[in-house]
Amino acid sequence: MPSLRKYLLGAILAFFVGGFVIHALTAKLIAPAATFTTLSGEKISLADQKGKVVLVNFWATTCSICAHEMPGLVDAYNAYKDKGLVVVAVAMPYDPPNYVLSYTQDRKLPFPVALDVMGEAMRAFGGVRGTPTTFLIGKDGTIVEQRTGELDFTRLDAYLRKELG
């Protein structure tokens with residue numbers, strides 16, 4: 001009888017551990033309840049964006065890859081903003097606000113640009129370290145994709161066409 005009890009306990013333990021592992025591998029990550037403050041002082045809360053696709057891009061004025069991908073972000077925003085795409089470009093804490101403002105004005109960025117002076121947004125997204133780092137958040141508020149490095153705009157466009165029509 002003791003060996004049967006050990007077997008049953010082992011089977012139950014394996015069942016729960018296996019279930020936990022499967023859940024951990026398939027669970028969607030919920031986007032943090034972050035609020036961004038734009039250059040104009042506007043507050044943008046992710047919680048208020050439910051039902052929209054949100055692209056949060058952490059970038060820096062000194063990042064050559066960031067500068068290279070900005071026109072693609074502008075194109076995606078212009079193509080899908082009226083269909084429910086929200087883009088927020090979040091400048092890194094080490095980026096001087098006057099540089100960010102100048103960059104934004106010179107390139108006429110059409111989407112909101114936020115300052116993360118205290119690094120709160122970086123921490124909310126798990127400690128962003130490199131630029132560019134982009135989070136694509138689905139209509140349900142889950143993180144669909146996280147990418148460090150230049151975006152794959154073909155893949156982004158396919159996702160946006162599917163989700164936003």
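Details of the structure are given in the entry above.
The model shown is predicted, which means the values in this text are computed figures rather than measured ones.

Undergrad: What exactly am I supposed to notice about the state of the cysteines here?
TA: Working definition of a disulfide: a covalent bond connecting the sulfur atoms of two cysteines. Taken as a whole and judged by the stated rule, the model has one disulfide. Note on cysteine connectivity: Cys63 is disulfide-linked to Cys66, with sulfurs 2.5 Å apart. Sign of the S-S torsion, about 80 degrees for the bond between Cys63 and Cys66, identifies this disulfide as right-handed. The exposure class assigned to Cys63 is buried, which follows from its relative accessible area of 10%. The class of Cys66 is buried, set by a relative accessible area of 1%.

Undergrad: Help me understand the layout of surface pockets, please; the structure alone is not making it clear to me.
TA: To find leftover empty space, a probe the size of one water molecule is rolled over the atoms. One number sums up the size of the largest pocket: a volume of about 160 Å³. Those elements that provide at least two residues to the lining of the largest pocket are strand 1 (35-38) and helix 4 (120-124). Here the element with the most residues in the lining of the largest pocket is strand 1; it accounts for three residues. A per-class count over the lining of the largest pocket returns six nonpolar, two polar and two charged.

Undergrad: Help me out: how do you make sense of the pairing of strand 4 (residues 85-91) in this one?
TA: Every other side chain in a regular strand lies on the same face of the sheet, so the side chains alternate between the two faces. For strand 4, the tally of buried residues reaches seven of seven residues, placing the bulk of the element in the interior. Direction of pairing for strand 3 (residues 53-59) relative to strand 4: parallel, over a ladder of seven bridges. Within strand 4, the residue paired with Leu55 across the bridge is Val87. Of the crossover connections in this fold, the one passing from strand 3 over helix 2 (residues 64-80) to the parallel strand 4 is right-handed. Note that the unit made of strand 4, helix 3 (residues 97-106) and strand 5 (residues 113-115) has a crossover that is right-handed.

Calculation criteria
Residues numbered from 1 in each chain as written. Predicted model: local features only at pLDDT ≥ 70, side-chain atom pairs only at ≥ 80, totals over all residues. Heavy atoms only, no water. Disulfide = S-S within 2.5 Å. Buried < 20%, exposed > 50% of the residue type's maximum accessible area, 1.4 Å probe, protein only. 1 Å grid on protein atoms, 1.4 Å probe; cavity = no way out; pocket = protein on both sides within 12 Å on 5 of 7 lines; lining within 4 Å. Points joined across faces, edges and corners; volume = space filled by probe spheres on them. Helix = DSSP H or I, 4+ residues; strand = E, 2+ residues; numbered from the N terminus. Nonpolar A, V, L, I, M, F, W, Y, C, P; charged D, E, K, R; others polar. Pairing = 2+ DSSP bridges. Right-handed = clockwise from strand over helix to strand, strands pointing away.

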